[in-house]
Amino acid sequence: MRTPARRTRARAAVFAASTALLLGLAAVPAAHADGARHRAATLDDLAQRTGRYFGSAVDNPELDDTAYADLLGSEFGATTPGNGMKWYATEPRRGVFDFTAGDEIVAYAKAHHLKVRGHTLLWHSQLPSWLTDGTWTADELRSILKNHITTEVKHYKGKVFAWDVANEIMNEDGTYRENIFYKTLGPGYIADALRWAHAADPKVKLYLNDYNVEGLGAKSDAYYALIKQLEADRVPIDGFGMQAHLALQYGFPSDMRGNIQRFADLGLDVAITELDVRMNLPADTAKLTQQADWYAQVTDACLAVRRCVGITLWGYSDRHSWIPSVFPGQGAALPWDENLQRKPAYDAIAGALAAAASSATGH
């Protein structure tokens, strides 16, 4: 077993070696008015060489930040609407749908040749007050849920390649979260949601998605058991999303690669869906070095499993991170800083991707 110091030196060696790959193997042609030239490979260029995508979430106000939006459109191959497809935004009144926010991001993605992950059809949070304040019978709520899922999935049919159908439905101890749907409908609402989504768009990939499921433990065990049961019951499910909101102070998830592999062995795609690595502020060299190593470890874990199909950052720059407002005193969680400058984490991700790309192409 490597000591932390040896592991850090080994990782540094990989980063150094990757520089040549990024300048050589990773150089890709780009067309310009004055003829063909080469540009440095983006994270998505490198990911595509391994058969994967590399994306970043975005929220609608961020599209007004021109420099930020331009870099998003040039560096990444996929995006996820941070809020624009959630229930409060898409069905603010019962039966009255508004897809303005989601449509704006889909249009941006199309203009920049990005794929779109749909997020999310049901979640216990950010629900409209008409739904949470209502008193519903099981039949009424089932009808509301079916109509919401069916209408939204049909609206985005052919425009998103995957949906986070059910988001954060488990507690840390592996029991079901007692959200409005569970309390009224019981656990069968999960299978119903997947079936309705599949009926609305048979080609879209359907995921369950959660945090603190990257490593082995009670919560990931519960999802593993649930998915096995869903498959036994012939419920359509295609993937499992590991959010990967990590924090340096809590340690790296146990056997992430093995955990990804066991879900892949169920016949599922696995995606890293909301990756960031926060720290207690202020940031310093040691923390940023550790953060870079964790980003490389997550990337390596995904690259080691064939059915880990892609990685999405939950925003790519500290300029628009959700972390400081939710976790006071924490932040600096992303591979670009507030000035859109690359941090060591960027080099770590690029190094891991470039090494895998080199192996994939035989260079």
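Residues numbered from 1 in each chain as written. Predicted model: local features only at pLDDT ≥ 70, side-chain atom pairs only at ≥ 80, totals over all residues. Heavy atoms only, no water.

*Asks:* Which residues make up the state of the cysteines, and what values go with them?
*Replies:* Using the criterion set out here, one finds 1 disulfide in the structure. Bridging Cys-302 to Cys-308, the disulfide has an S-S length of 2.2 Å. Judged by the sign of its S-S torsion, about -105°, the bond between Cys-302 and Cys-308 is left-handed. When its relative accessible area of 0% is taken as the criterion, Cys-308 is described as buried. (Disulfide = S-S within 2.5 Å. Buried < 20%, exposed > 50% of the residue type's maximum accessible area, 1.4 Å probe, protein only.)

*Asks:* Any details on helix H11 (residues 256–264)? Residues and values, ideally.
*Replies:* Restricting attention to buried positions, one finds in H11 the residues Met-256, Asn-259, Ile-260, Arg-262, Phe-263 and Ala-264. For H11, the secondary structure elements touched by its buried residues are helix H10 (218–232), strand E8 (239–242), strand E10 (269–280), helix H12 (285–303) and strand E11 (308–313). (Helix = DSSP H or I, 4+ residues; strand = E, 2+ residues; numbered from the N terminus. Contact = heavy atoms within 4.5 Å.)

*Asks:* Report on the pairing of E10, specifying residues and quantitative values.
*Replies:* Counting buried positions along E10 yields 11 of 12 residues, so the element is predominantly enclosed. In this sheet, E10 lies alongside E8 in parallel orientation, the contact comprising 4 bridges. Within E10, the position partnered with Phe-240 by the bridge is Val-270. Judged from the 3 bridges that link them, strand E9 (residues 245–247) and E10 form a sheet pairing that is parallel. Across the sheet, the residue bridging to Leu-246 is Val-277, located in E10. A crossover links E10 with its parallel partner E11, the connecting element being H12, and its sense is right-handed. (Pairing = 2+ DSSP bridges. Right-handed = clockwise from strand over helix to strand, strands pointing away.)

*Asks:* If you had to explain the side chain of Asp-44 to someone new, which residues and values would you point to?
*Replies:* Topologically, Asp-44 is positioned in helix H2 (residues 43–48). Lys-115 provides the closest opposite charge to the buried, unpaired Asp-44, separated from it by 7.3 Å. At 2.6 Å, the side chain of Asp-44 forms a polar contact with the side chain of Gln-48. For Asp-44, the residues in contact, after removing those within four places along its chain, are Tyr-53, Phe-54, Glu-75, Phe-76 and Gly-77. (Lys, Arg positive; Asp, Glu negative; His and termini not counted. Salt bridge = Lys/Arg side-chain N within 4 Å of Asp/Glu carboxyl O. Polar contact = N/O pair within 3.5 Å; in protein donor to acceptor, adjacent residues only side chain to side chain.)

*Asks:* Describe the nonpolar core, listing the residues and the values that go with them.
*Replies:* Membership of the largest hydrophobic core comes to 101 residues, with the highest contact counts inside it found for Leu-131, Trp-163, Phe-181, Leu-208 and Ile-272. Ignoring any residue separated from it by four or fewer positions in sequence, one finds Ile-272 in contact with Met-242, Gln-243, Ala-244, Met-256, Ile-260, Val-298, Cys-302, Cys-308, Gly-310, Ile-311 and Thr-312. Counting 5 residues, the second-largest nonpolar core is a separate cluster that includes Tyr-53, Ala-78, Tyr-207 and Ala-271. (Core = buried A, V, L, I, M, F, W, Y, C linked by side-chain atoms within 4.5 Å.)

*Asks:* Residue-level account of the packing of aromatic side chains, with values.
*Replies:* In total, this model carries 19 aromatic pairs according to the counting rule given. Relative to Phe-181, the ring of Trp-87 has its centre 5.9 Å away and its plane inclined at 20°; by these criteria the two rings are stacked. Of this pair, Trp-87 sits in helix H4 (residues 87–90) while Phe-181 sits in helix H8 (residues 180–185), placing them 94 residues apart in sequence. Neither Trp-87 nor Phe-181 differs from the other in exposure class; each is buried. Cluster of aromatic residues (ring-pair linked, three or more members): Phe-54, Tyr-68, Phe-76, Tyr-316, Trp-336 and Tyr-346. The side chain of Arg-117 reaches across the aromatic face of Tyr-207, ending 4.9 Å from its centre. The side chain of Lys-219 reaches across the aromatic face of Tyr-211, ending 3.6 Å from its centre. (Phe/Tyr/Trp six-rings, centres within 6.5 Å; stacked < 30°, edge-to-face > 60°. Lys NZ or Arg CZ within 6 Å of the ring centre and 35° of its normal.)

*Asks:* Account for the packing of H10 against H11, naming residues and giving values.
*Replies:* Where H10 meets H11, the closest approach of the two axes is 11 Å, and the angle between their N-to-C directions is 10°. As far as their axial angle goes, H11 and H10 are roughly parallel. Between H10 and H11, the residues in contact are Ser-220, Asp-221, Tyr-223, Tyr-224 and Ile-227 and Asn-259, Arg-262 and Phe-263, respectively. Its residues assigned to classes, the contact of H10 with H11 shows 4 nonpolar, 2 polar and 2 charged. (Axes fitted to C-alpha atoms, helices over the stretch in contact; angles between N-to-C directions. Parallel < 35°, antiparallel > 145°, perpendicular 65-115°, else oblique. Nonpolar A, V, L, I, M, F, W, Y, C, P; charged D, E, K, R; others polar.)

*Asks:* Outline the side chain of Thr-50, listing residues and values.
*Replies:* Note that Thr-50 resides in the loop between H2 and strand E3 (53–58). We classify Thr-50 as buried; its relative accessible area is 16%. Once residues within four sequence positions are removed from consideration, Thr-50 is found in contact with Leu-303, Leu-353, Ala-356 and Ala-357.

*Asks:* Could you give an account of the pattern of salt bridges, naming the residues involved and the relevant values?
*Replies:* Tallied over the entire structure, the rule returns 10 salt bridges. Residues Arg-319 and Asp-65 are paired through a salt bridge, measuring 2.8 Å at the closest nitrogen-oxygen approach. With Arg-319 in the loop between E11 and helix H13 (323–326) and Asp-65 in the loop between E3 and helix H3 (66–75), the pair connects residues that are 254 residues apart, well separated along the chain. With a relative accessible area of 32%, Arg-319 lands in the partly exposed category. With its nearest N and O atoms 2.9 Å apart, the salt bridge here joins Arg-307 to Asp-269.

*Asks:* Run through the environment of Val-204, naming residues and quoting values.
*Replies:* Turning to its location among the elements, Val-204 is positioned in the loop between helix H9 (188–200) and strand E7 (205–210). A C-alpha to C-alpha distance of 5.4 Å links Val-204 and Phe-161, two positions 43 residues apart in sequence. Contacts of Val-204, omitting those with residues within four sequence positions, involve Val-160, Phe-161, Ala-162, Trp-163 and Asp-238.

*Asks:* Got a sec to walk through the packing of helix H7 (residues 138–155) against H9? Specific residues and values, please.
*Replies:* Axis separation between H7 and H9 bottoms out at 8 Å; the angle between their running directions is 35°. You can see that H7 and H9 cross each other, and the crossing is right-handed. Packed against H7, whose contacting residues are Arg-142, Leu-145, Lys-146, Ile-149, Thr-150, Val-153 and Lys-154, the element H9 presents Tyr-189, Asp-192, Ala-193, Trp-196, Ala-197 and Ala-200 at the interface. Split by residue class, the contact of H7 with H9 holds 8 nonpolar, 1 polar and 4 charged. (Left-handed = near helix turned anticlockwise from the far one by under 90°.)

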